[in-house]
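Each chain, written out:
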Amino acid sequence: LTGVLDDCLCDIESIDDFNTFKIFPKIQKLQERDYFRYYKVNLKRPCPFWADDGHCSIKDCHVEPCPESKIPVGIKAGSSNKYSKAANNSKELEDCEQANKLGAVNSTLSNQSKEAFIDWARYDDSQDHFCELDDERSPDAQYVDLLLNPERYTGYKGPSAWRVWNSIYEENCFKPRSVYRPLNPLAPSRGGDDGESFYTWLEGLCLEKRVFYKLISGLHASINLHLCANYLLEETWGKPRWGPNVKEFTRRFDPIETKGEGPRRLKNLYFLYLIELRALSKVAPYFERSVVDLYTGNGHEDAESKALLLDIFRDTKSFHMHFDEKSMFAGDKKGAKSLKEEFRLHFKNISRIMDCVGCDKCRLWGKLQTQGLGTALKILFSEKEIQSLPENSPSKGFQLTRQEIVALVNAFGRLSTSIRELQNFKVLLQQTR
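Parameters and conventions
- Residue positions are given per chain, counted from 1 along the sequence in the order it is written.
- With the structure being a predicted model, the display of local features is reserved for residues of pLDDT at least 70 and the display and counting of side-chain atom pairs for 80 or more, all residues being used for whole-chain, interface and lining totals.
- Side-chain measures here rest on the full set of heavy atoms in the structure, leaving out hydrogens and waters.
- UniProt positions are given in the numbering used here, feature names are shortened, and annotations may be inferred rather than shown by experiment.
- What makes a nonpolar core is a set of buried Ala, Val, Leu, Ile, Met, Phe, Trp, Tyr and Cys residues whose side-chain atoms join them at distances within 4.5 Å.
- The buried label goes to any residue with under 20% of its type's maximum accessible area, the exposed label to any with over 50%, and the partly exposed label to all in between, with areas taken from a 1.4 Å probe on protein chains only.
- A run of H or I in DSSP counts as a helix once it spans at least four residues, and a run of E counts as a strand once it spans at least two, with each numbered from the N terminus.
- Any two residues whose heavy atoms approach within 4.5 Å at even a single point are treated as in contact.
- Just to be clear on terms, a salt bridge is a Lys or Arg side-chain nitrogen sitting within 4 Å of an Asp or Glu carboxyl oxygen.
- In a helix, the anticipated span is given by 1.5 Å times the number of residues less one.
- Lines fitted to C-alpha atoms define the axes here, with helix axes fitted over just the stretch in contact, and angles between the N-to-C directions of these axes take values from 0 to 180 degrees.
- By definition in this entry, angles of less than 35 degrees are roughly parallel, angles greater than 145 are roughly antiparallel, angles of 65 to 115 are roughly perpendicular, and the rest are oblique.
- Under the grouping applied here, Gly and all other residues not named as nonpolar or charged are polar, the nonpolar ones being Ala, Val, Leu, Ile, Met, Phe, Trp, Tyr, Cys and Pro and the charged ones Asp, Glu, Lys and Arg.
- Under the pairing criterion, centres of Phe, Tyr and Trp rings, with the six-membered ring standing for Trp, must be within 6.5 Å; the plane angle then separates stacked pairs below 30 degrees from edge-to-face pairs above 60, leaving the rest tilted.
- For two strands to be treated as a pair, DSSP must find no fewer than two bridges joining them.

- In the nomenclature of an unreviewed UniProt entry, the chain corresponds to ERO1B protein from the organism Eubucco bourcierii.
- Of the chain, the UniProt comment under Sequence similarities (unreviewed entry) reads exactly: "Belongs to the EROs family."
- Under the UniProt heading Subcellular location (unreviewed entry), the entry covering the chain gives this text: "Endoplasmic reticulum membrane".

Listed below in structure tokens is the structure:
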């Protein structure tokens, strides 16, 4: 995978070097800070588009909160009264240990964190969103420690997973009527309309609609890379061993096995990386103001977190081959405004589809990465508002909630990890030849 990406003047090798040596180590550190590791999410929202009949029953997907009595200190959102003191016995302990295995979302938090969340809420002020946001006041919304719930292969597949991706591609990507072949890469192929020839239809779309498809394809590729890189290789004596699965990677991305589509998907991952990188460089003035504080209640840690974030912003600005979003929505004002709104509504719809994902762990990371990309788009379309921010007072024109900030950083962290994992797979593939 080499050369210049379509629709931007940037080559893959430059992104690899920039990510490996500058961005990846720092974004990893930032994601470990308290402000960025806790994400509030409602995993119980019903699917708004079809009956939710495909809920994953695999233990890797399943989320079973531990009994409150077994959590030394912490909080538990959702079914807090499910376990009474009378039910506190060894059976509960076994259930708790089982639930904490491979895929259970671990929602235990310290009391200090719980108190900090109340203070963090004062920074949150919703507005022009590209995503359907969870109602954080809902009793079903819970804080999740992302470090305790890494994104990895859960075994979630089949009709339910297919339906989610099919709805995203077929109902929300902009597709010319002349294209009969499904955009969904999981769909069965139809004769000669495969591989490289399939992508000729993209050339007939305007830049904005091409970009939309590439963002979704890039997100799909990134998620697939995470699953290949963090795969359940074996489970002996109840001890799972996770690691890269070269065979799975080849099945999803090899040029021959995917009839030329695999490298395209990976190029779309790089394109998505550039879009989110651009958003980070554009939003820097918002965070550079003294009035913006990554508030957790620990002054020393907050200052360190902000310093690290600003350091990453300096790196993003030093990259010389950014995607130029000014070329988007640049036609006549009325048409451009209409297209932008259509773009926003399509993306918002995709964020709602994430509530149809049957695996809780997949849903958690799907919602977070979709919200992160939605936040990046919101930033790119708010440049004037960001440039006119007051230095010493909160802004009414442009505001990011804590949830959006956490999603933005972690979503970009996932893309950075994907590109790093891709380098690892290149080495592994060379070793197997």
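Regarding the nonpolar core
Nonpolar side chains in soluble globular proteins generally cluster together in the buried interior.
Item 1. Core analysis: the biggest nonpolar cluster contains 99 residues, and Ile-15, Leu-215, Tyr-273, Val-283 and Phe-287 have the highest contact counts within it.
Item 2. Examining the composition of this core, we find that 15 residues originate from one element, helix H9 (residues 261-288), more than from any other.
Item 3. Other than its neighbours up to four places away in sequence, Phe-287 contacts Val-292, Leu-294, Lys-306, Leu-309, Leu-310, Phe-313, Leu-400 and Ile-405.

What to know about the pattern of salt bridges
Two side chains with opposite charge may pair up if their charged atoms get near one another.
Item 1. Per the stated rule, a full pass over the model turns up 18 salt bridges.
Item 2. A salt bridge links Arg-265 to Glu-261, with the shortest nitrogen-to-oxygen separation between them at 3.6 Å. Within this pair, Arg-265 and its partner Glu-261 are both found in helix H9, separated by 4 residues, close to a single helical turn. Just as Arg-265 is buried, Glu-261 falls in that class too.
Item 3. Between Lys-378 and Glu-404 there is a salt bridge, and its shortest N-O distance comes to 3.1 Å.

Considering the UniProt feature "binding site: FAD" (unreviewed entry) in the chain
Item 1. Feature annotation in UniProt places "binding site: FAD" (unreviewed entry) on Arg-152, Thr-154, Trp-165, Ser-217, His-220 and Arg-252, given in this structure's numbering.
Item 2. Here Trp-165 shows up in helix H5 (residues 159-172).
Item 3. Here Trp-165 falls in the buried class, since its relative accessible area comes to 13%.
Item 4. Mapping Arg-252 onto the fold places it in helix H8 (residues 246-253).

Let's talk about H5
One turn of the α-helix equals 3.6 residues, which is why residues spaced by three or four share an orientation.
Item 1. The terminal C-alpha atoms of H5 lie 19 Å apart, and with 14 residues this matches the ideal 20 Å at 1.5 Å per residue to within 8%.
Item 2. Among all positions in H5, only Ser-160, Ala-161, Val-164, Trp-165, Asn-166, Ser-167, Ile-168, Tyr-169 and Asn-172 are buried.

Structural notes on the UniProt feature "active site" (unreviewed entry) in the chain
Item 1. Residues annotated in UniProt with the feature "active site" (unreviewed entry) correspond here to Cys-359 and Cys-362.
Item 2. With a relative accessible area of 0%, Cys-359 lands in the buried category.
Item 3. Under the relative-accessibility criterion, Cys-362 is labelled partly exposed at 23%.

Points about the packing of H5 against helix H7 (residues 207-229)
Two quantities define a packed helix pair, namely the angle between the axes and the distance from one axis to the other.
Item 1. It is the contact of H5 with H7, at a shortest axis distance of 11 Å, that shows an interaxial angle of 170°. Viewed along their axes, H5 and H7 adopt a mutual orientation that is roughly antiparallel. On H7, the residues that touch Trp-165, Ile-168, Tyr-169 and Asn-172 of H5 are Phe-212, Tyr-213, Ile-216, Ser-217, His-220 and Ile-223.
Item 2. Along the lines of polarity and charge, the residues of the contact of H5 with H7 split into 7 nonpolar, 3 polar and no charged.

Thoughts on the packing of aromatic side chains
The description of an aromatic ring pair uses the distance of the two centres, along with the angle that the planes make with each other.
Item 1. In this structure the tally under the stated criterion is 10 aromatic pairs.
Item 2. Between Tyr-35 and Phe-36 the ring centres are 5.1 Å apart and the planes differ by 70°, which places this aromatic pair in the edge-to-face class. Comparing Tyr-35 with Phe-36 shows no difference in burial state: the two are buried.
Item 3. Seen in terms of ring centroids, Phe-249 and Phe-253 are 5.3 Å apart; in terms of plane orientation they differ by 40°. Their pairing is tilted. Placement of both Phe-249 and Phe-253 in helix H8 is noted, with a separation of 4 residues, approximately one turn of the helix. Like Phe-249, the residue Phe-253 is buried in the burial classification.

Comments concerning the pairing of strand S2 (residues 141-145)
Item 1. A large share of S2 lies buried, amounting to 5 of its 5 residues.
Item 2. Here strand S1 (residues 38-42) runs beside S2; their pairing, made up of 5 bridges, is antiparallel. Residue pairing across strands places Tyr-38 opposite Asp-145, the latter belonging to S2.

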